[in-house]
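Take a look at the letters that make up each chain.
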Protein chains: 2
Amino acid sequence: MPDTIAASHRLDISAPHRELLDQVLDKWSLQVLNELCEAPARFSELRRAIPAVTQKSLTATLRRLERNGIVDRIVLRTRPLAIEYRITPLGKTLRPPIDELLAWADTHMPAIERARVRFDEEAEGEDVT
Amino acid sequence: MPDTIAASHRLDISAPHRELLDQVLDKWSLQVLNELCEAPARFSELRRAIPAVTQKSLTATLRRLERNGIVDRIVLRTRPLAIEYRITPLGKTLRPPIDELLAWADTHMPAIERARVRFDEEAEGEDVT
DNA sequence: CGGTATCCTATGAGATACTG
DNA sequence: CAGTATCTCATAGGATACCG
């Protein structure tokens with residue numbers, strides 16, 4: 001295995017970091033985490049709570065989160081059998097950083113919208129010069 | 001215009017938020033931001049600094065960041081002409097949340113590795129039961 | 001140097017059908 | 001209910017060739 005390329009004084013954004021963030025910050029993870037931080041939920045409850053997700057994607061998301069120790073999959077020996085998903089303590093530690101990120105998005109959204117409009121307008125006039 | 005669906009006491013992870021984070025936290029943005037937070041850089045410097053990125057992906061990343069007001073593309077009227085990319089003030093505000101996320105990844109990486117091993121081992125023995 | 005244009009393939013994700 | 005298994009299509013991203 002290759003060690004880190006250089007002892008950079010900057011942030012080291014190594015492959016494992018990126019891979020990890022990709023698994024945790026993907027399209028549906030945030031919503032799922034959001035639901036499970038509230039309360040444990042069953043598969044069908046999650047589907048109802050997040051209508052846009054398909055069965056397949058929800059399954060994939062839950063498996064990924066489970067594999068990374070972010071959620072637990074509990075088999076309830078009720079009748080006829082039920083599965084419950086719960087956030088783990090490790091999963092809970094994700095909240096503060098995620099919240100900060102969402103707060104950033106919230107705060108700067110207007111500035112970003114403006115930047116986009118400007119950019120798109122400039123691109124318009126570009127080739128007519 | 002529809003207001004937020006429900007006055008949820010939970011985090012609202014709306015489409016614009018997700019879209020924004022997708023644009024900013026994509027595969028290469030973190031590395032690029034990391035470089036540009038240090039100092040302005042030319043296209044070829046970025047390629048050297050991030051060897052794994054292809055020309056196409058780097059171009060796409062820079063355009064996206066530029067459109068969102070995170071970086072500036074400066075045309076230097078030197079000889080024979082040079083392009084410089086710089087982080088914007090808006091771009092700099094991204095650092096704290098990103099740092100927190102990376103710190104989280106760093107802190108909890110060992111626990112996550114362990115969770116993965118456990119999960120994969122359990123999956124092994126599963127069908128041999 | 002700093003890209004754009006094109007082709008091609010791998011992956012992600014929706015729809016659908018079926019199972020314990 | 002809680003999935004798995006396919007099929008299919010759209011997109012992301014790499015390789016390559018070329019341009020101002």
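Residues numbered from 1 in each chain as written. Chains lettered and ligands numbered in written order. Predicted model: local features only at pLDDT ≥ 70, side-chain atom pairs only at ≥ 80, totals over all residues. Heavy atoms only, no water.

- Chain A has the name Helix-turn-helix domain-containing protein in an unreviewed UniProt entry, where Microbacterium betulae is given as its organism.

1. Here we look at the sheet that holds strand E3 (residues 82-87) of chain B
All names here are of chain B.
Okay, step 1: Read across the open sheet, the three strands follow the order E1-E3-E2; overall the sheet is antiparallel. Strands at the two margins of the open sheet, each flanked by one partner only, are strand E1 (41-42) and strand E2 (71-76).
Okay, step 2: By the bridge criterion, six bridges tie E2 to E3 in an arrangement that is antiparallel. Bridge pairing links Val 75 to Ile 83 in E3.
Okay, step 3: Lying on the sheet, helix H2 (residues 29-38) is in contact with E1, E2 and E3; it crosses E3 at an angle near 95°.
Okay, step 4: Those strands touched by helix H4 (residues 55-67) are E2 and E3, and its axis lies near 110° from that of E2. (Pairing = 2+ DSSP bridges. Helix = DSSP H or I, 4+ residues; strand = E, 2+ residues; numbered from the N terminus. Contact = heavy atoms within 4.5 Å. Axes fitted to C-alpha atoms, helices over the stretch in contact; angles between N-to-C directions.)

2. Some words on the relation of the copies chain A and chain B
Okay, step 1: In screw terms, the move from chain A to chain B is a rotation of 180° and a rise of 0.0 Å along the axis, fitting with an RMSD of 0.1 Å. Within this description, the copies of the chain are treated as partners about a two-fold rotation axis. No C-alpha of chain A lies nearer the rotation axis than that of A:Pro97, which sits 3.3 Å from it.
Okay, step 2: Most of the interface of chain A is mirrored in chain B: 100% of its interface residues are interface residues there too. (Least-squares fit on C-alpha atoms with pLDDT ≥ 70 in both.)

3. A look at the protein's contact with DNA strand D
Okay, step 1: Around DNA strand D sit 16 residues, and of these A:Arg42, A:Ser44, A:Tyr85, B:Lys56 and B:Ser57 come closest.
Okay, step 2: Among the atoms of DNA strand D close to the protein, meaning within 4 Å, 65% are from sugar or phosphate groups.
Okay, step 3: Within the side chain of B:Lys56, an N or O atom sits 2.3 Å from a base oxygen of DNA strand D.
Okay, step 4: Of all the secondary structure elements, the ones that give two or more residues to the surface near DNA strand D are helix H3 (43-49), helix H4 (55-67) and strand E3 (82-87) of chain A together with H4 of chain B.
Okay, step 5: It is H4(A) that contributes the most residues to the surface near DNA strand D, four residues altogether.
Okay, step 6: Looking at the surface near DNA strand D residue by residue, the classes come out as four nonpolar, six polar and six charged. (Near = heavy atom within 4 Å. Polar contact = N/O pair within 3.5 Å; in protein donor to acceptor, adjacent residues only side chain to side chain. Nonpolar A, V, L, I, M, F, W, Y, C, P; charged D, E, K, R; others polar.)

4. Some remarks on the interface of chain A and chain B
Okay, step 1: Of the residues lining the interface, 46 residues belong to chain A; the matching set on chain B comes to 46 residues.
Okay, step 2: Summing both sides of the interface, chain A and chain B together bury roughly 4800 Å²; the carbon and sulfur share of this comes to 66%.
Okay, step 3: Our count for the contact surface shared by chain A and chain B stands at four salt bridges.
Okay, step 4: With its nearest N and O atoms 3.8 Å apart, the salt bridge here joins A:Arg116 to B:Glu19.
Okay, step 5: Among the elements of the structure, helix H1 (15-24), helix H2 (29-38), H4 and helix H6 (95-126) of chain A are those that each provide at least two residues to the side of chain A that touches chain B. (Buried area = accessible area lost by both parts, 1.4 Å probe. Salt bridge = Lys/Arg side-chain N within 4 Å of Asp/Glu carboxyl O.)

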